[in-house]
Amino acid sequence: MDSLTVTFEDYGIEAPAEAGESILEIAERAGVGIASYCGGQGTCQQCQVVVTSGEVQPKDEARWQQEIAEGGTKVLACQSLVSEDIAVKIPIRSRAGDFTVRGIEPLTGKLVDLGRFGPLTPLTRQFALSLAHPTRDDTISDLQRLRRALLDEDAELEPITIDLAVLRELPQALRENDFEVAVAVSDNGPTRKIAAVRPPAAADSSLGIAIDVGTSTVAVELVDLDSGQIVGGAIRRNGQIAYGEDVISRIVWTQQGPDRLQRMHQAIIDTLNELLSYLYEEHNVESKQVIAASVAGNATMINFLLRIDASPIRRTPHTPPATEMPVVTAEQLRLDIHPQAAVCVCHPAVSGFVGGDITAGVVATGMHKADELSLLIDVGTNGEIVVGNKDWLMCASCSAGPAFEGVGVEAAMPATAGAVTRFRYDGDEDAVEYESVAGQSPRGICGSGLVEMIASLAEIEVIDRTGNINSDFPSERICERNDELGFTLFWPDETARDEPIIIYQHDIENLLRSKAAVLAGITVLLNKLDLATTDVEQMYLAGAFGAGLDVDKAVAIGLLPDIPRERLEVVGNSALAGAYLTLMSRQARQQAQETVSAMTYLDLSSDTDFMDEFIASNFIPHTDLSRFPSVDM
Amino acid sequence: MPLTIPKERWTAEVQTATIGATKDEGGTRTSTVTIGGEQTLPFLHFEGETPNRPVIAMEVLDEIPTGWPEPLAQHYEDVWGDPAAWARKAVDEFGADLICLRLLSADPDGGDASADQCAETIQSVLEAVGVPLIIWGCGNDDKDNDIMPFCSQAGAGERCILGAATEDNYKTICASALADGHLIINQSPLDINIQKQVNILVTDMGMDLGDIIMYQITGSLGYGVEYAYSILERTRLAALDGDRMLQMPMLSIVGSEAWRVKEAWQPEEEAPEWGPLERRGIIWEIATATLFLHAATDILVMRHPEAVAYVRDHIDEMMSGQPI
Amino acid sequence: MALTAMDIYKQLPKTNCGDCGIPTCLAFAMKLAQGQASLDECPHVTEEAAAALEGSSAPPMATVTIGIGDQALDIGGQTVLFRHEETFHNPCGIAVQVNTSLPEEEMRERITTACSTEFDRVGMIFGLDLIALNDDDGSLPQAAQLATEVSTLPLMLMSDNPGTMRGALEVCGDGRPLIYAAGADNFDEMIALAKEFSSPLAIRGQDLDELYELSEKALDAGIEDLVLDSCAREPATLLQYQTIIQRAAINQKIKPMGFPTIGFITGDDQVAKIISGCELIAKYAGIVVTDLITRDTLLPLITARLNIYTDPQKPIQVESGIYEIGEPDASSPVLITTNFSLTYYTVEADTSAGNIDAWVVVVDTEGTSVLTAWAAEDFTAETIAKTIDECGIEEKVDSKIAVLPGGVAVLSGELEDASGWNVVVGPRESAGIPAFFKTEYAQRIAQY
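This text gives an overview of the structure that appears in the document. (Residues numbered from 1 in each chain as written. Chains lettered and ligands numbered in written order. Predicted model: local features only at pLDDT ≥ 70, side-chain atom pairs only at ≥ 80, totals over all residues.)

### Things to note about the overall build of chain C
Broken down by element type, chain C carries 17 helices and 17 strands. A compact globule built from 448 residues should have a C-alpha radius of gyration of about 22 Å, whereas chain C, at 28 Å, is more than 25% larger. Expressed as lengths along the three principal axes of its C-alpha atoms, the size of chain C is roughly 85 × 65 × 40 Å. Considering only contacts within chain C whose residues lie at least 6 apart along the sequence, 62% involve residues at least 24 apart. (Helix = DSSP H or I, 4+ residues; strand = E, 2+ residues; numbered from the N terminus. Rg over C-alpha atoms; globule rule 2.2 N^0.38 Å. Contact = placed C-beta atoms within 7 Å.)

Structure representation (structure tokens):
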């Protein structure tokens, strides 16, 4: 077959292609995100791209349409098959997101404080051992010799066993290295296991990774297993977005062809490997140094990671195929770390819609050990909520939608370089006041910026309490596209993308719906236990919002309930923190298991109180203004 | 006494609203209507005051109705096409407390009457009767926004009720009501929270709580009456519990809802299981109105004179009850 | 006051063992609080805890059964004062009054008519529930004899005279008719009859205090199946009495008041009686007694009862089928959506707002929204195609083009295959409908 090249001009990517493939398929493989809701059937019209050089062939004459656009021909990416080298531009509207890997600051603070879990007991421990040579007086077996040395290091390793494969290699490994060896012991169940016996040099660095597989965003951290120190971290959009924005769409997509589960699985592995290779390069590390991985993620993401059919989650009553997952080796997943490294889902899911990412958050915040009534809200693609204390825990999921993660909001982006994190516009000034990641010109707006933007626009009444844009607002920033009102946040010359950044009516509606679902979820969950938000003594906000979120603004728009601010803590990625803790501590792993069995799940999807509260919350801040005494509007 | 009477300790009462303005008050009405002020659920005299009785507004259309069943049409055929005469008949003969004038002719897909024509109609009705007016647009948001300022102006100072503000379209009508001293109807689609949203939005614009009447899309017996019934009940409970944004009096449309269902007009030959047609529409309107009365509505908008008479008697009965 | 889930949880073992079939103790406590589980399902609960919890779990209002077999009528069992708080249980029984002085043929005719009065509403059959034989000439036993032969409905026997009551009860055997009624002057005799014949008994008090006293005495005598009549016949008094009884039962858990009530429709004429009937149905009557018999007067009463007793917790649905927005003709677009009422009315409002004349084909998804229904596989190419096929929309339009909600664009291909219609993917949000028709629709259908 001919090997062709498709150049994605906006990204500077030259992707290899074969004749007969669609632009959409090629883009997906190359990590270039093109929006597609219909899975490439040519019906949703989302994947419009502009072919700037070369010609494409129609896939289906009946659906074929093309028109002359600026700089080339506008076609549907899914309906355009390549037969020669072409170049393509992707209009902002058609982009599914930015798939670039970006570095993140290591997690710090209370959530990753290992002190509360006793001595470090990572998922895989590396020991540099110097064994006594066998003598006539000391004739114990190789294995006993190894065990004796290990238990000398740490008596707590008992009970300890060995894999047959490792045992087979053991005599030779000991003697080749003159009984000076690096021994990897994996610690992910009731017994410890000798996982590798290698030359002593291997002990020099033992690294692990903590992984948070989010529906929209995947985050990893590289960790020194000896010290617990975080070497570095990175995030990237989950490549599965090309197959659907939310878990249900992705499950449906996998049901539509025999090879699709595999492709879905591959997409997350590819995403992870890209993140890893970024970290390896950035921190000068080799893949084989990484000997353990702890993963947190929602039930669907974990099933896809392990290539398990997740379709039961879609159907009532939404039971996942499994909550606790077997430990696998990196080799089995083709994950680019040491092939024998254990990849462990340390945080089991509670239900189809409350996953291990949430139990990870519970362990990280420590709310399951606290006396006071705590509430954890994780706003990701879904909103998940846990309430409770050391005696009981209750959780629910509300379909908040991924608006605050930037999906479904044209102007939005993740909290990476160029993302607006702070936003203020008082209506009089010419320009908005803002802060952005790395101080760059705005490329888009991230979660915290979106919250402040809504609060700001509501304050000066560009939007009313229902979120409707006021067409009479005296400003040139009010604009219209296809009969839809918009508000220009940044003019083209202010941005990094030579286009204005505009928030449209439907974007605001999406954001309000997301915030309404979160607030309604909190209220209803508490109401079921005859509690009110004022009873909550400690509230953690995790997820899509950076630590820079202005909680006053979050309360002002009614994303968070109005409780004393000292009880409110923005904690960032608690799922990643939980994955880190379980990577580093046996006690954390045990607590993760216990937490899950103690957690009570409440299904809000069929709850009429939830629908009612949702409508009441779909307002700035809420129709019951008395519940927002601190909000002056 | 062995049984202690279980009284609720309500913390608030319903807003009082006065509709219509007499000469002394800057209008030309010969009577005004005051509603609201309830301190308890409907007619529970043992628990609190019901200072004002629920009232009945009768509907007047500004165009000749189509498809009205004979048992209803026979009472109006002599006056339809003449809103002033129609209103006069409703007040003089049928005893309407208020006139609910619906400007259906303004509908751009129908008569497409101009703002001036609508204003003229309003003036003629105001001249014809002394009771207060409810003035309701045609339901097309854009057109209503065009005509309402003129309609409002035509009744300036008369303290009419203008209908209806919705969540997505409230500014024009609210501004008109504010400018000309009218009350306003806030409408929502059977949702207590959306009702509240509209109430907050218009009060944000400066509307007085005492100048707001709430209206939830009604439904009729057999066709969703229970949703409206419960929404009315919930709203009133919230009001008595102190929710200021739900303390306004409530209006229910009964006539048009009851008379459009099959039970009200399908002849016995087509629906033998329902019995003779003659009284069915009247009964349907009465049953629907009764349920709303007991769910706490303050204004019933009705059509059939006999139904009005029966319901008025029932209101008399309920109001004359003594505390236990 | 009922115990909260948290109160109950505190009494449970908190081991989350799952032996009750529910994963956690808290979830079990919530089910207990809602009356959806019973404490004996937990094998580990301590006796002490059981004692603490059981007292509070008794229902505030007894459920009383009149009659036996398939036609038996359950009334009472209410748990709330307002239907939106949960639902009203056991729809009130409608009893048709038949005077015993009627000539035999007329009586037979009346009973037969009452038994066969049925209405088909929302696909279900609803009718009357009781024959109330009113002893106005002392011939109750004879009338009961006739009724047991003719009536398929349970009986209510109305007489103050214990002698004729006994005669009628003997005729009814173990049929559990409702005895109406025991008042202050015949109390002991009626209690004895209720005991002897194991029949439910109505208690009549001239005012609330007397009613309370008699009910308490009946309870002391060991009668548990009671129906209360406050003797209020005047609407304004009736409403207040009914409210007080219901509140005493449900809010205060006063046991003598914890029984269903019986109310008699009053009014000068048949139309006025409808008003009285609606008031009783809405305001807590367990049995409504009427002499109305014509279909045009019973239909609204039965409909009102159906409406008031509809479970408000169930999602509000519209019927599946074709709906018209504006004045659609053969060239108007066809929109597809689900039968969740909020979904449908949003589509309707947005389409009307755009001044678009359209057909809307509503698919039965058990009252769930587009995405929820799709997620749960209730809104699939097959279900949509089936609805398109069965609703007859094909005869109303010239070209077979359907607009599918953008949120389920993935179904488009399958739907084209399954239905034979061309599918155009509409906007994801209903709010986008006006813009979609203004800017895109014409161009998108040009190819067909």
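Structure shown, so let's carry the discussion forward.
### Points about the interface of chain C and chain A
Contact with chain C, which involves 29 residues of that partner, is made by 28 residues of chain A. Counting residues per element, the ones that place at least two in the side of chain C that touches chain A are α1 (5–11), α2 (25–33), α13 (370–375), α15 (412–419), β17 (422–425) and α16 (433–439) of chain C. With four residues, α16 of chain C is the largest single contributor of residues to the side of chain C that touches chain A. Grouping the amino acids of the side of chain C that touches chain A by side-chain chemistry returns 15 nonpolar, 10 polar and four charged. (Nonpolar A, V, L, I, M, F, W, Y, C, P; charged D, E, K, R; others polar.)

### Observations regarding the sheet that holds strand β27 (residues 444–445) of chain A
Strand pairing within a sheet occurs via backbone hydrogen bonds; the two strands may be parallel or antiparallel. Residue and element names in this part refer to chain A. What the three strands build is an open sheet, ordered β26-β25-β27; its pairing is mixed. Bordering the open sheet on either side are β26 (433–436) and β27, each of which pairs with just one other strand. Here strand β25 (residues 419–424) pairs with β27 via two bridges, running parallel. Within β27, the residue paired with A419 across the bridge is G444. Helix α9 (residues 447–459) rests against β25 and β27 of the sheet, and its axis sits at about 25° to β25. (Pairing = 2+ DSSP bridges. Axes fitted to C-alpha atoms, helices over the stretch in contact; angles between N-to-C directions.)

### A short note on the sheet that holds strand β19 (residues 290–297) of chain A
All names here are of chain A. In spatial order, the strands read β11-β18-β17-β16-β19-β21-β20; together these seven strands make up an open sheet with mixed pairing. The sheet terminates laterally at β11 (102–104) and β20 (328–329), the two strands that pair on one side only. Pairing of strand β16 (residues 207–213) with β19 involves seven bridges; the strand directions are parallel. Its bridge partner lying in β19, D212 is registered against A296. Sheet contacts for helix α8 (residues 356–365): β16 and β19; angle to β19, the most-contacted strand, approximately 100°.

### Looking at the environment of T495 of chain A
Residues and elements named next belong to chain A. Along the chain, the position of T495 falls in the loop between β29 (484–490) and β30 (501–504). The exposure class of T495 is buried, given the 20 C-beta atoms found within 10 Å. Every residue in contact with T495, bar those within four places of it in the chain, is listed here: S441, P442, R443, F490, P500 and I501. (Buried ≥ 20, exposed ≤ 12 C-beta atoms within 10 Å, placed from the backbone.)

### Quick look at unusual backbone geometry
With an omega dihedral of -10°, the bond running from E158 of chain A to P159 of chain A counts as a cis peptide bond. Turning to its location among the elements, P159 of chain A is positioned in the loop between α2 (142–153) and β13 (160–162). Cis rather than trans, the peptide bond between Y180 of chain C and A181 of chain C has omega equal to 0°. In this fold, A181 of chain C is placed in strand β8 (residues 178–182). If you check the backbone angles, D178 of chain A has positive phi at about 55° while not being a glycine. With respect to the element layout, D178 of chain A can be found in the loop between α3 (164–176) and β14 (180–186). Among the residues examined, D178 of chain A registers 11 C-beta atoms within 10 Å and is labelled exposed. With a phi close to 50°, N16 of chain C is a non-glycine residue in the positive phi region.

### Points about the interface of chain C and chain B
Facing the 42 residues of chain C at the interface are 41 residues of chain B. Secondary-structure elements contributing two or more residues to the side of chain C that touches chain B are α8 (208–220), α9 (235–250), α10 (270–282), α11 (295–308) and α12 (341–353) of chain C.

### Description of the nonpolar core
I99 and I184 of chain B together with L133 and L157 of chain C are the most contacted members of the largest nonpolar core, which totals 442 residues. The element contributing the most residues to this core is helix α10 (residues 505–528) of chain A, with 12 residues. In this view, I99 of chain B contacts A57, M58, V60, A87, A90, V91, V125, V129, V131 and L133 of chain B; residues no more than four positions away in its chain are not counted. By size, the runner-up hydrophobic cluster in this structure holds 25 residues, among which are A15, V32, C78 and I86 of chain A. (Core = buried A, V, L, I, M, F, W, Y, C linked by C-beta atoms within 7 Å.)

### A word on the environment of T218 of chain B
Relative to the helices and strands, T218 of chain B is located in the loop between β8 (212–216) and α7 (225–240). If we skip the residues at most four places from it in the chain, T218 of chain B touches A228, S252, I253, V254 and E257 of chain B.

### Things to note about the packing of helix α4 (residues 247–254) of chain A against helix α5 (residues 260–283) of chain A
All names here are of chain A. It is at 7 Å that the axes of α4 and α5 come closest, and there the two elements cross at 135°. It follows from the interaxial angle that α4 and α5 lie oblique. In this structure, α4 uses R250, W253 and T254 to contact α5, whose residues at the interface are R260, L261 and M264. Taken together, the residues of the contact of α4 with α5 break down into three nonpolar, one polar and two charged. (Parallel < 35°, antiparallel > 145°, perpendicular 65-115°, else oblique.)

### Let's talk about the pairing of strand β10 (residues 299–302) of chain B
All names here are of chain B. By the alternation rule, side chains of β10 split into I299 and V301 and L300 and M302, which are all buried. Bridge analysis of strand β9 (residues 250–253) against β10 gives three bridges, and the strand direction is parallel. By the bridge assignment, S252 is partnered in β10 with L300.

### Notes on the packing of α10 of chain A against helix α14 (residues 608–617) of chain A
Residue and element names in this part refer to chain A. Look at α10 against α14: their axes get within 8 Å of each other, and the N-to-C directions meet at 135°. Between α10 and α14, the crossing angle belongs to the class labelled oblique. In this structure, the crossing between α10 and α14 has a hand that is right-handed. Taking contact as the criterion, the partners of A516, A517, L519, A520, T523, V524 and N527 in α10 are, on α14, D609, F610, E613, F614 and S617. (Left-handed = near helix turned anticlockwise from the far one by under 90°.)

### Topic: α8 of chain A
Residues and elements named next belong to chain A. In terms of residue burial, α8 counts as a mostly covered element, since 10 of its 10 residues are buried. Residues of α8 that are buried: G356, D357, I358, T359, A360, G361, V362, V363, A364 and T365. G366 lies just past α8 and shows a positive phi near 75°.

None of this, on its own, says anything about what the molecule does.
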